[in-house]
Amino acid sequence: MKNAHDSIRKGEGPILKIEGLTVDFLSNDAPVRAVDNVSFQVNRGETLVILGESGSGKSVSTSTVMDLVDCPPGDIVGGSCLFDGIELSRLDPEGRRNINGRRIAMIFQDPLAYLNPVYTVGRQIAEVFESHDAAQGAQARANAIELLRRVGIPEPESRVDFYPHQFSGGQRQRVMIAMAIALKPDMLIADEPTTALDVSVQAQILDLLRDLQRETGMALVMITHDLEVAASMADRIIVMNGGKIVESGLAQKVFDNPQHPYTRRLIAALPHGEAAEASHRRSTDIRGETLLKVEHLTKEYVLASGAFAGKRRFRAVDDVSFDVRKGETLGIVGESGSGKSSIARILLRLNEPSSGKAFYAGENIFEMSGKRLVAFRRKVQMVFQDPYGSMNPRMNVRSIISEPWAIHRDLLARNRWKDRVAELLELVGLKPDHAERYPHQFSGGQRQRIAIARALASEPELIVCDEAVSALDVSIQAQVIDLLADLRTRLGLSYIFITHDLPIVRHFADRIMVMKQGKIVEEGPTSALFSAPQHDYTRSLLRAVPKPKWLMSTDAPSAAPGELRPERTRNGSMAG
Amino acid sequence: MTIISPDAEPAAAPGTSRVLLAYLRRDRLALAAAIFLALLVLAALLGPWLVGDAASRLGLRQRNLAPFSPDHAWIYFLGADTLGRPILARLVVGAQSTLGIAAAAVFSSMLIGGTLGLVAGYSERWYSHLILRLADVVMSFPSLLLALIVLYTLGPSITNLVIVLAITRMPIYLRTARAEVLELRERMFVSAARSMGAGPARIILRHIAPLVLPTLVTIAAIDFATVILSESALSFLGLGIQPPDFTWGAMVANGRGYLSTAWWIAFWPGLAIMLTTLSLNILSNWARTVADPQQRWRLQTLRKAAR
Amino acid sequence: MFSYIGRRASHSILSVIGLLTLVFFLTRLTGDPSALYLPLDATAEARSAFARLNGLDQPIPWQFAEYLKDLLHLDFGQSLRQNRSAIEVALQAFPETLKLALVAITLSTALAILVGSLAAARPGSLFDRIASLASLAGASAPDFWVAIVGILVFAVGLEVLPTSGTGTWAHWIMPIFVLMLRPFGLLVQVVRGTMLSALASPYIKTARAKGVRRQKIIFGHALRNSLLPVVTVAGDLATGLVNGAVVVETIFGWPGIGKLMIDSIIQRDFAVVQSTILVTATAIFILNIAIDLLYAFLDPRIRY
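Residues numbered from 1 in each chain as written. Chains lettered and ligands numbered in written order. Predicted model: local features only at pLDDT ≥ 70, side-chain atom pairs only at ≥ 80, totals over all residues.

## Remarks on the overall build of chain B
Then comes step 1: A tally of helices and strands in chain B yields 10 helices and zero strands.
Then comes step 2: In sequence order, the secondary structure elements of chain B are arranged as α-α-α-α-α-α-α-α-α-α.
Then comes step 3: In terms of principal-axis extent, the alpha carbons of chain B reach across some 85 × 65 × 30 Å.
Then comes step 4: Counting across all 307 residues of chain B, residues that qualify as buried make up 47%. (Helix = DSSP H or I, 4+ residues; strand = E, 2+ residues; numbered from the N terminus. Buried ≥ 20, exposed ≤ 12 C-beta atoms within 10 Å, placed from the backbone.)

Next up, the structure:
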């Protein structure tokens, strides 16, 4: 808040004032109202967060400000957008063009799609200067290099000639930011800028945005669906639902004392760390016998790259050993590229390992073939991240759940299938008459229940869950995890639970294995790992979860990498 | 961490015939094309039964009769050929063989190409590579030349014509099917089936083939026009259908020698080919717009809200 | 890069050899050429002498071995009809077709890019609707029919253009027009379609948010990205032009390789058929490699 006050330089009053904005999308039926009589203002130098789920109209309202809504099928029914005293809807195309990029800039969710794939990043940044006649040729290029340096791209002199696909996801977002701040705009609109990124990269991008805002004094409008990101950035907050603003106010106030039922429901769904420690979801009945023993598992990919570079080797999984006991839940945690999903695919023989052994009930999985492999595949099942993608869209629920019986003929007589499907559906909390429907007729949480029912159909001993709840709403996540925990107790199952999300496994796993770049960096019982993380990487993962802005020390700059920050957060999920 | 997840329900497929009909009415050109094609199919099915005799009846008095001649029967409306046979009747009979040959060729190339594509996409054994190389050879060589050589060797007949057309169009289905399989093979429901222990046969037949089929059928619809053009070019060059059978292409070839005296003999069948292929292309263009969620609004009514 | 070209070239050579093998056996099945080249009352001795002279008395596999041996010495056989080296005959006809094809594909690509992108810039406008219909008509027209209707109108009716042959610039007009029709029609469709999806793509939103000028958005960003699929289709169409060339050259009496091929098949002039196929196939394989290289040049994401 103090930052915001410091940076107000250009006089008082709002920079952007939106009044009664209403936007429709036209189609065959009655127009769909995307934004419904929305009014809000953005003050100079402040950070306004617009919070809402997809379809809440949060992106459409800011796209209207940028004139990015295609009409038709879009239709601006009414309202005014007053930017620094200029009515935007009355400007001619040239007038609009002069504001876009120069006075208001925008960054988007998926920088790979939002950067032109066939031009170098330097050229795309220089284009901002050229389009607004701010600099040309060599000068524009020099400016581009300077901007890349500012947003933290290493070796900007050479990287300026790289194409977007040659950068990592976080770097691409930095390039987008460089493009946006090129002409020092008065306002930056960031539409879900960190949604596709790993938590540690997300933290860096949010830090960069905060620093740039402090430097330039621009107003920042941030659109997000993520409550924690919202809390860590916002001075003020607007909550949108169904095209309408349901709540607005100072961030701390909205979070501590939400008024609208919708906001209350959202905030209640945040996981609370203290509760997790006393979780009933952890296993109570771990018997000593080892079900799965993995020894020195390695998966190496050979990347052929050109005639001169020779072959590069890449170890997706690097000498990994662990075991899973009966009735136990092992959590495997890591960011993208850590090799956690490769392990799952290798254990299920979907990919072959380069070396190593894995013993299931004493028998090496990788040497199984024919009947033994089929028998193994009956005992070990997998639940995938995207339940919709893991089901054939042309099959109804009944044939999806009974597929294991069609494959393993001796499992169940055909005349018993129908009853058993009904039983399984009830077991996972669905109705038996759902059996004739198709996957697309269910919500995400329901689909994951169907996937679990399918996994249970072959009466497995071990279920591998690969990011099984990551695509779900937090309240739904909790329900699915409750279901998994309940099934474990009732059926004596073991789980390998793979996720990128530390707080989730805290509720559920008995032991956690943290992975980075194919290696295990830390392994231990869940409570020990959370209370006293040994490895730097584990600590940085725990730290990367965004913390509310009003709890951060206002005069300290954002933490440098490696430096420890206070562990205590408002929602306590990281409490040490 | 995700707090509110976008849990969007996929929109209901625009597959209901009522909606499609409404889209068709919004595009008058596509509507006209659809009506023309429907009439053509009707003519091809019933025509030979109605005017089959007239098409082969020689008429000395009507030799090279000009079109729109007032004092002749309606069947001579488009004129008559050098042997006095009414062109209108011959067009109707020719429609059956033209469309029939094209349909047979398209169907068999879809079936063979699709099957080979499934195999080449799913398996990585030596025969997959062989299939691909063969497709490359067929693909990279001008289809008409290949057809000419094969037809000249095997001798022109309807069966050979269908075989040749099917072979030259096959690589398209093969490659599309293979590309789809390569993508589907990595989809999670295939991984799920494999992890449950499903064998290759079950995965291909139960999980992959049903999803490849709609794409192939779409291509077949578009390809129909190309095959009609190829067939008529071959028949025009004299290596396609042989008398007494004839297609529109062969009718153009017959009339070529009489251009300066009786232009209508070559003109009408060519126009029929053109209108048919044009209608097919217009319809497939329309279907592309319907299938593209970003363009579909162009065919919708777009009622604005009152203000 | 070089290894890629090497790999492509070896694939292509294998394909050409496969094709030549296929054609060798197929053409041998069409019948005995001596029936065509000797008088009907020729004696059996004369026939066998003719066969011996041209190596036709040997079993077909033996002939094939001989043929391969000759190929290695760059000897492609003699034309029975013209009594010259077959490859010479083919190479003499090839430039005539190449001239036609180059002009046709260049003109139709350039025109199609212009018309297609202007149509996509204002979808639904009058220009767009006319361009769409015209291009659909072009893609749907049977070329042989357009050719004879052209002769009917411009040569027989108006008498402004020659019916066939070569020589003056007027001889070029109808063949080029007929040859252009189909590539032009298909390419306008492709350009318009890819431009429409390019204009709806996220990076165009970025450009608009940056305040880039409209012209530069259409031609700098959208068209530049649309060129990739256009190049692929143009390459396929260039192969298909040989189809059109056969028809056009036959109708307009153009002494190119398409006409030569049909004539040689009908005359059973095997060596010439083989040579024309060798020449066309080689040209097409070179074209395909060139297209791949152009594609890599246009799309920085592709590296061989």
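Further notes follow.
## A look at unusual backbone geometry
Then comes step 1: Cis geometry marks the peptide bond from Pro243(B) to Pro244(B); its omega dihedral reads 5°.
Then comes step 2: The phi dihedral of Asn37(A) is positive, around 50°, even though this residue is not glycine.
Then comes step 3: Within the fold, Asn37(A) resides in strand β2 (residues 32-43).
Then comes step 4: Taking the number of C-beta atoms within 10 Å as the measure of exposure, Asn37(A) has 15 and is therefore partly exposed.
Then comes step 5: With a phi angle near 50°, Glu155(A) is a residue other than glycine that sits in the positive phi range.
Then comes step 6: Mapping Glu155(A) onto the fold places it in the loop between α6 (137-150) and α7 (156-159).
Then comes step 7: Residue classification places Glu155(A) among the exposed residues on the basis of 11 C-beta atoms within 10 Å.

## A look at the UniProt feature "transmembrane region" (unreviewed entry) in chain C
All names here are of chain C.
Then comes step 1: Cross-referencing UniProt, the feature "transmembrane region" (unreviewed entry) maps to residues 12-31, 100-121, 133-157, 169-191 and 277-298 in the present numbering.
Then comes step 2: What you have in residues 133-157 is 92% helix and 0% strand, and the ends, taken at the C-alpha atoms, are 27 Å apart.
Then comes step 3: In this annotation, residues 277-298 is assigned 100% helix and 0% strand; the end-to-end C-alpha distance for the span is 31 Å. (UniProt positions renumbered as here; feature names shortened; annotations may be inferred.)

## Describing the domain arrangement of chain C
All names here are of chain C.
Then comes step 1: As far as domains go, chain C holds domain 1 (2-72) and domain 2 (87-298).
Then comes step 2: Computed over C-alpha atoms, the centres of domain 1 and domain 2 are 33 Å apart.
Then comes step 3: On the side of domain 2, 12 residues touch domain 1, which itself brings 13 residues to the contact.
Then comes step 4: With nine residues, helix α1 (residues 2-28) is the single largest residue contributor to the side of domain 1 that touches domain 2.
Then comes step 5: Looking at side-chain class alone, the side of domain 1 that touches domain 2 contains eight nonpolar, four polar and one charged residues. (Domains from an automatic or database assignment. Contact = placed C-beta atoms within 7 Å. Nonpolar A, V, L, I, M, F, W, Y, C, P; charged D, E, K, R; others polar.)

## Details of the UniProt feature "domain: ABC transmembrane type-1" (unreviewed entry) in chain B
Then comes step 1: As annotated by UniProt and renumbered to match this structure, "domain: ABC transmembrane type-1" (unreviewed entry) occupies residues 95-284 of chain B.
Then comes step 2: What you have in residues 95-284 of chain B is 83% helix and 0% strand, and the ends, taken at the C-alpha atoms, are 20 Å apart.

## Observations regarding the interface of chain B and chain C
Then comes step 1: Each partner contributes residues to the interface: chain B has 37 residues there, and chain C has 38 residues.
Then comes step 2: For the side of chain B that touches chain C, the elements supplying multiple residues, two or more each, are α4 (126-140), α5 (143-154), α8 (200-236), α9 (248-256) and α10 (264-291) of chain B.
Then comes step 3: A per-element tally of the side of chain B that touches chain C places α10(B) first, with 10 residues.
Then comes step 4: Grouping the amino acids of the side of chain B that touches chain C by side-chain chemistry returns 23 nonpolar, 11 polar and three charged.

## Details of the environment of Leu37(B)
Then comes step 1: Mapping Leu37(B) onto the fold places it in helix α2 (residues 28-56).
Then comes step 2: On the neighbour-count criterion, Leu37(B) (18 C-beta atoms within 10 Å) is partly exposed.

## Structural notes on the UniProt feature "transmembrane region" (unreviewed entry) in chain B
Residue and element names in this part refer to chain B.
Then comes step 1: Cross-referencing UniProt, the feature "transmembrane region" (unreviewed entry) maps to residues 29-52, 73-93, 99-122, 211-241 and 261-283 in the present numbering.
Then comes step 2: Secondary structure content for residues 99-122 is 100% helix and 0% strand, and the end C-alpha separation is 34 Å.
Then comes step 3: The annotated region residues 211-241 carries 84% helix and 0% strand content, and the separation between its end C-alpha atoms amounts to 36 Å.

## Comments concerning the confidence of the model for chain C
Residues and elements named next belong to chain C.
Then comes step 1: Considering every residue of chain C, the mean pLDDT works out to 83; 92% of them sit at 70 or more.
Then comes step 2: Averaged over each element, pLDDT in chain C is lowest for helix α2 (residues 34-37) (60) and highest for helix α9 (residues 202-210) (91).
Then comes step 3: The ipTM assigned to the predicted complex is 0.80, against a pTM of 0.78. (pLDDT = per-residue confidence, 0-100.)

## Brief notes about the sheet that holds strand β1 (residues 14-25) of chain A
Residue and element names in this part refer to chain A.
Then comes step 1: Ordered by their spatial adjacency, four strands build an open sheet running β2-β1-β4-β5, and the pairing between neighbours is antiparallel. With one partner strand each, in any of the chains shown, β2 and β5 (86-87) form the two edges of the open sheet.
Then comes step 2: The sheet contacts of helix α2 (residues 58-65) involve β1, β2 and β4 (74-83), and relative to β1 the element is tilted by about 115°. (Pairing = 2+ DSSP bridges. Axes fitted to C-alpha atoms, helices over the stretch in contact; angles between N-to-C directions.)

## Concerning the sheet that holds strand β9 (residues 236-241) of chain A
Residues and elements named next belong to chain A.
Then comes step 1: Spatially, β6-β7-β8-β3-β9-β10 is the arrangement adopted by the six strands of the open sheet, whose pairing is mixed. Looking at which strands have only one partner, the edges of the open sheet turn out to be β6 (104-107) and β10 (244-250). Direction aside, neighbouring strands of the sheet carry axes that sit 15° apart on average.
Then comes step 2: Sheet topology note: the β9/β10 ladder contains six bridges and is antiparallel. Following the sheet pairing, Met240 is matched in β10 by Ile245.
Then comes step 3: Lying over the sheet, helix α8 (residues 169-180) contacts β6 and β7 (187-191), oriented at roughly 170° with respect to β6.

## Here's the deal with the UniProt feature "domain: ABC transmembrane type-1" (unreviewed entry) in chain C
Then comes step 1: Look at the UniProt record and you will see "domain: ABC transmembrane type-1" (unreviewed entry) annotated at residues 94-295 of chain C.
Then comes step 2: Helix makes up 86% of residues 94-295 of chain C and strand 0%, whereas the separation of the span's terminal C-alpha atoms amounts to 26 Å.

## Quick notes on the nonpolar core
Then comes step 1: The biggest cluster of nonpolar side chains holds 330 residues, and the ones touching the most others in it are Ala178(A), Met187(A), Val464(A), Leu148(B), Ala147(C) and Leu187(C).
Then comes step 2: Two domains each donate at least three residues to this core, and these are domain 1 (2-72) and domain 2 (87-298) of chain C.
Then comes step 3: Leaving out residues up to four positions away in the same chain, Ala178(A) has contacts with Ile125(A), Leu147(A), Leu148(A), Arg150(A) and Val151(A). (Core = buried A, V, L, I, M, F, W, Y, C linked by C-beta atoms within 7 Å.)

## Brief notes about the packing of helix α5 (residues 121-131) of chain A against α8(A)
Residue and element names in this part refer to chain A.
Then comes step 1: Here α5 crosses α8 at 25°, and the two axes come no closer than 8 Å. With respect to α8, the element α5 is oriented roughly parallel. Remark: the crossing between α5 and α8 carries right-handed chirality. Within the contact between the two elements, α5 uses Val121, Gln124, Ile125 and Val128 and α8 uses Val175, Ala178 and Met179. (Parallel < 35°, antiparallel > 145°, perpendicular 65-115°, else oblique. Left-handed = near helix turned anticlockwise from the far one by under 90°.)

## Observations concerning helix α6 (residues 126-140) of chain C
Then comes step 1: Compared with the 21 Å implied by 1.5 Å per residue over 15 residues, the 21 Å span of α6(C) between its first and last C-alpha is a close match.
Then comes step 2: Along its buried surface, α6(C) packs onto α8 and α10 of chain B together with α5 (86-121) and α8 (170-199) of chain C. (Expected span 1.5 Å × (residues − 1).)

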